[in-house]
Structure formats: C-alpha cells, structure tokens
Amino acid sequence: MKRFFGMTAVLVGLVFVLVGLGAVGYLGMGALGRLFGGGAGDSVGTVLGAALSNIVVITLGLVMTAAALLTVAERKWSALLQNRIGANRIKVFGRFSLGGIPYVLADALKMLTKERVEPTGNTRFIYQLAPVLAFAPVFALVAVVPIGPPIAASSIPLLTGAKELAFQIADPDVGLLFIFAFASLAVYGTALAGWASNNKMALLGGVRASSQMISYEVSLGLGLVGCMIAYETLGLQGIVAAQRPGLLGPIPALGILLQPIGFLVFFTSAFAETKRAPFDLPEGESEIVGYFVEYSGMKFGLMFLSEFVEIVVLSGIVTAVFLGGWHFYFYESWLAQHHPFWFAAIGAGAFLVKMIVLMWLQLVIRWLLPRFRYDQVQKLCWKILLPTALANVFVTGAAVLLDPSLRLLAWIGLAEIVVIGVVTAAAGRAGTAEGHSGATHAEPVSGH
Amino acid sequence: MPYKLQPAATGLRESMYFPEVLRGIGTVARHFFRNLFFSRDKNPDILARPRDGFGTSDNVTIQYPEERQPYPPGYRGLHRLVPRADGKPRCVACYMCATICPAQCIYIEAGEYEDDPIEKYPVKFVIDELRCIVCGFCVEACPKDAIRMDTGEHTPPSYERSEQIWDEKRLLRGPPVSYHYDPWLRRASTLSPEDVEKARAIARPFPSMATDEASQTPGFSVRALAAEAKARGEGGAA
C-alpha cells in the first residue's frame, strides 16, 4: 500500500510538473521577448525572442529530455509489463535507484566514450552523414507540434500588446504537409546508412527500411485526409482549435471521435514509420541486425535516439490531431477569460499528459507484438490500411457534405467506436478475459 | 510459400487483427498497472505468495545478492571442521575422508596432543575447494562427525586460486557438537568442570546412520523448508 500511495503521489506530481513546464515555456517567452524587443508584443524583437525561447524549451527541454527518458522508460516499462523489475543497479548514494533514471547518464557516457569503429570500403562521406540525415528530419518535425494555445502577449508576464503567442515553434498554414514532407525525408538517413556501410546485412536493412517507409507514407497521408476535410485546415493550431467542446451535447469534436478509423490508420502507419516492433524489419536484430550494424558509439546513439524522438513527435502529432491537443475541457472558457496565463499553462500540461499516454501506448504495443513477416507488412499496408483509409476519406467527405456541422460525422464515428468495442469485447475463440491470457495469445496471427 | 507456416486465423475478429491487438493491450496493461502500483512480495517462498488478487504485484523476482532463498537442508555447501565444546576440532586425523575423496582434494597431517595419549589431531587439514566435486563422501566417511557440509554457503568466489585452498584455521567454525561417547567429556581436559558439565548436558547419542539426518528425509518440500527458515528468522526480511 505504501507503494500505491507513493506511485499515486508521483503521478499527481508529474501532472503538476508538466503544468509547471507549460508555465516555464510561457515565462521563457516573456523573458526572452523582453530581452530582445523590450516587451511590446507586436515588435519584431519580441516575436523573435519568443520564438527563440520556444525553440530552446521545446527542443532541448521537452523533446530531448523525453527521448532520453524514453530509453530508460523502455527498459522499466517493458519490465513492468513482463513482471520483471528492470534496470535498477545504478544507485545514487548507494541507496536510491530513482526508477532507473540515472541510466540516462550512464548510457550517454558509454556512447560518447566508445571506440569508433568504421568498416573498410565504406563511402566515408555518406557514412558519416547518414546518422545526421536520420536524426535531423525527425527532429525538424517538432517545429509544428502545437504544445500550448495562443494567448495575447499582454497576458504573459513582462510582455504587452495584443499579438497572440503560442507555445509552439512555428505554425505554418501547411502544417500537415510539412509533417509529410519531413517524415518522408527520414528515409534517406536509413537507406544511405545501409548503402554506405559496405555490408550486405546493412544494405538489406536499408532496402527494407526504404520500401517499408515509402509504402506507409501513403496510408500515413490518407489517414489524415479525413481530419483535413472535417476541420477544413492544414495548420495544427487550427486543427486543435477546431476540436472545440460542445459538438454533441457535452462531447467535444475530438479527432478520435470524428475519425476513429483515421486514427487507427494513422497511428499504425506512424508506428511503421518509427521502425519499431512489430514493424522493425529494417532493424530485425535476430536476423540482419539492420542498417546501423556498422555504426558504433554516438553515431549509433544518434540512430537509436532518432527512433525515440520519432516516438515523441508522433505522439505530439496524434495528440494534436486526434486527442484535442491542449484542450482540457474543464472550466476551459472561464479560465481562458479570467486567467489566460494559467489557461495556457494548464493547456500545455494537458497536451504533455496526453503525449505521455500515447508514448506509453507505443512502448506497450512495441513490447506486445512480435515482428511481422515481410509479406505481412506490405499486405497490411496495401491491402488493409490503404483501402480502409480511402473508404474513410469518401465516407468523411460525404458526411461533411451532407452535414457541415460535423454532427453526422460524429454519429458515424461513435458507431464505428461502438462496433470496434463490441468486436473487441465479444467472446471468441480466445475465450473469456480470464482464460485468454495464456497459451492462446502466444499463437501468431496470419493472413495479413 | 513452401509449407504452411501458421494456423490460419479463425473467425472475423482475428481476421480483423485490430480487436485482438486491443485485447492484448488490455492484458498487458493489467500487468503493467498491477506491477506499477503494488509492491513486490518478498517472501522467499514464491509459491506461497498471493497471486491474482487485487493489491498484489505479479512480480516473482528475487533480488539475488540482497534477497536469498533458503537452501534445502540436504544442500551440500562449503565444508567445515566441527569444533568440540572446547574449541578444538573433533577431527582425530584418521585419514578416512582423505582416502575416500574421489577428487583427492583433502590433505591431512596428523599430530598428537602432548597431554592426551589417546587421540591424534590434524596439525594440517587442507581442502582444495577448486578440486572438490561436492560429492559429500568425506562427510559420510567421517567416524567422528568431524567434517560437515552444513554451512549453507557457496564456496565464496575469489580473485586468487590460492584463496580457494582452505586450511584448518578457516575450516574450523560453526556451532560445536558433542556426543555421549566423546572421550574428552569423560576425562580431565582444558575445560573447567562446569563447562564439561554443560557440554555433557548438550551431548547427543551418536546417530546410527548418515550424519545429516535431514538430507535423508523423504518428501522434500520447498514450502515447508521456507516456513522453517522463516521460523528460524532467516531469509524473511531482505
């Protein structure tokens, strides 16, 4: 019971820390804006300072921290769901293992001090460039993730003016297209790494990566077309704002409500884009080791970290498009009117909480499912996800044409959720919830 | 496809794949949250731990160096030379153990007590634990119950081979044992008369069979042994 209350306290504390992080983001905007432009929200200097603060806080403070912590979380969470304990041998002052978090430092130290081994006959320039090419595009995706709502500069301490500033690096009108463009750039890093290594296994991994990622680009894009139709914008801040409360009585216009099929398609494709199990054929450590087999030290670390950054970024995008982004829906309008700063901070905190839930979900799925066979990967993409996404686009378009207020679409979405829930809960060959945890689940599923 | 790899999915739900994944997430998440929110039971008897109830973790790990399961009583651990009540070894340097040892890892040099014309004692008693095959024949062969393997310890690891050569100074340890027939209980010794009386009081009749009775017990049960260990105050708390 001690652990129960302790864990509850830790989780509640985490929520407060995340809200605090949101507040820090807006305070940083205020401070740097003041430093650069003297405080008036409309001046170029203030906007520049705010943007600089956002870049630093979001990339370094949020994404890199989250990615580093995810490397530990992967070990600890997988241990928890496999009834193990997980990494706990590093103890601060010989007593406190702190949930394995000191392993971040140990890993970094190990990666940085390892010998740099290079294969003979590699294409040196491309070999050195590949980890950067794998990492940079993924990292660039962070730019459009709308973590906090836009609020008037005057409600941020140290600033004045009516210009709206958001806890987001950039909000281009082409937000979703930006995501597709940069997500498809990531394939160059893996393909070139595999090709430049002068290693057959690495080449196989690179080829697998490029074919898999290019295939899933298609359904990745089509999964979001439904949302573009429904919300009539490509900008992520606009999409989040469109998920307003009160569509069907108390139910908000959440993306996952309007587009459950789109959510499944996009989430699956995004999973394939991260190249992690069950889509980890490019890596395939038990068969070909993968496109980074010839990389050592921090060059491998960069490839490894880019997977985790990708998890963070995709969680952010799914949160923004499907889970209502920074909307927290309780006393929202009242708070936005009376305490806009705290509205923004709590909104950013809510966004981060949703993001953490999605990251958890991605790790759980990674440890739940075995690797697909290669034909299954391509079948899942071309024969299941793509037709489903296309049908979803047509249904969404028709529903929005018939009823622009989105109510019809919401009812269709609710019906889809109910069908999925009933099929999931229905007793099948696997038996009841008690009986199916055993051998039946170890059986691989074929046919996809 | 040269041969059928897997059984085909039966039923609509398994063909749709996603519902099965959702159910899998449910199963795994149940484990996750139970292990996250509830502390691990540290009872060394894993089978006696509560399972599948609310408020229990599914974790069965024993954190080895910090937590240990008790060994069964028949466990043949590190040797010891059994002391008498006055601290000298029970061993009379008869060479039985050295003779029967199939690994030839016991070396004995016999000597005589100046004040005792009857019994010998080992001036040197050396066991090479690296050669020992832990068969327990020495314990069986000993006519005086002077060598035992009841310490319940492994041979501790070392960085030097020489540290694995155990001499009589390191081997002579553990609780003293006395039997009714022991000669030094019946004649004058270095012990005071009161101590001799005490030693006589705890003396036991010599066992008719093998020295370690518990190792002969049929129906060995981890659960019973763990309960005994707990009663003795061992292994329960980490």
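Predicted, not measured: the structure shown is a model, and the values here were computed from it. (Residues numbered from 1 in each chain as written. Chains lettered and ligands numbered in written order. Predicted model: local features only at pLDDT ≥ 70, side-chain atom pairs only at ≥ 80, totals over all residues.)

For the rest of this paragraph, the subject is the overall build of chain A. Within chain A, the regular secondary structure consists of 15 helices and 2 strands. Against the 2.2 N^0.38 benchmark of 22 Å for 448 residues, chain A shows a C-alpha radius of gyration of 23 Å, consistent with a compact globule. Referenced to the eigenvectors of the C-alpha coordinate spread, the extents of chain A come out at roughly 60 × 50 × 50 Å. When the 448 residues of chain A are sorted by exposure, 46% land in the buried category. Sequence separation of at least 24 residues holds for 75% of the intrachain contacts in chain A that already meet a minimum separation of 6. (Helix = DSSP H or I, 4+ residues; strand = E, 2+ residues; numbered from the N terminus. Rg over C-alpha atoms; globule rule 2.2 N^0.38 Å. Buried ≥ 20, exposed ≤ 12 C-beta atoms within 10 Å, placed from the backbone. Contact = placed C-beta atoms within 7 Å.)

Below, the discussion takes up the environment of leucine 48 of chain A. All names here are of chain A. Within the element layout of this structure, leucine 48 appears in helix α2 (residues 44-81). Owing to 14 C-beta atoms within 10 Å, leucine 48 belongs among the partly exposed residues under this scheme. C-alpha of leucine 48 to C-alpha of phenylalanine 36: the two residues are 12 residues apart in sequence and 7.3 Å apart in space. Look past the residues within four positions of leucine 48 in its chain and what remains in contact with it is Phe36 and Gly37.

All names here are of chain A. Taking 1.5 Å of rise per residue, the 15 residues of helix α9 (residues 260-274) would be expected to cover 21 Å, and the 21 Å separating its terminal C-alpha atoms lies within 8% of that figure. By the criterion of burial, α9 is predominantly enclosed, with 15 of the 15 residues buried. In the segment just after α9, lysine 275 is the residue with positive phi, at about 60°. (Expected span 1.5 Å × (residues − 1).)

Turning our attention to the nonpolar core. Counting 131 residues, the largest nonpolar core has Val142, Ala193, Val309, Val312, Val313, Val318 and Ala348 of chain A as the members making the most contacts within it. Sequence-distant contacts of alanine 193 of chain A, that is, excluding residues within four places in its chain, are made with Ala130, Pro131, Ala134, Ala202, Gly206, Tyr291, Phe292 and Tyr295 of chain A. With 20 residues, the next largest nonpolar core counts Ile108, Ile127, Cys138 and Cys142 of chain B among its residues. (Core = buried A, V, L, I, M, F, W, Y, C linked by C-beta atoms within 7 Å.)

Let's shift gears to the domain arrangement of chain B. We note that the domain assignment places domain 1 (10-70) and domain 2 (80-176) within chain B. Measuring from the centre of the C-alpha atoms in domain 1 of chain B to the corresponding centre in domain 2 of chain B gives 47 Å. (Domains from an automatic or database assignment.)

This part covers the sheet that holds strand β3 (residues 120-128) of chain B. Residues and elements named next belong to chain B. Taken together, 3 strands build an open sheet; the order of strands is β2-β3-β5 and the sheet is antiparallel. Where the open sheet ends on each side, the last strands, each with one partner, are β2 (106-112) and β5 (165-166). Across 2 bridges, β3 lies against β5 in antiparallel orientation. Counterpart to isoleucine 127 in the pairing with β5 is tryptophan 166. (Pairing = 2+ DSSP bridges.)

Every α-helical turn comprises 3.6 residues, leaving residues that sit three or four positions apart pointing alike. Within α2 of chain A, the axis deviates most sharply at valine 72 of chain A, by approximately 35°. Within two residues after α2 of chain A, asparagine 83 of chain A carries a phi angle of roughly 60°, on the positive side. (Bend = angle between axes of the 7 residues up to and from the residue.)

Another point: the environment of lysine 169 of chain B. Residues and elements named next belong to chain B. Here lysine 169 lies in helix α5 (residues 168-171). In this structure lysine 169 comes out as exposed when scored by C-beta crowding, with 9 C-beta atoms within 10 Å. The sequence separation of lysine 169 and leucine 81 amounts to 88 residues, and the corresponding C-alpha distance is 9.2 Å.

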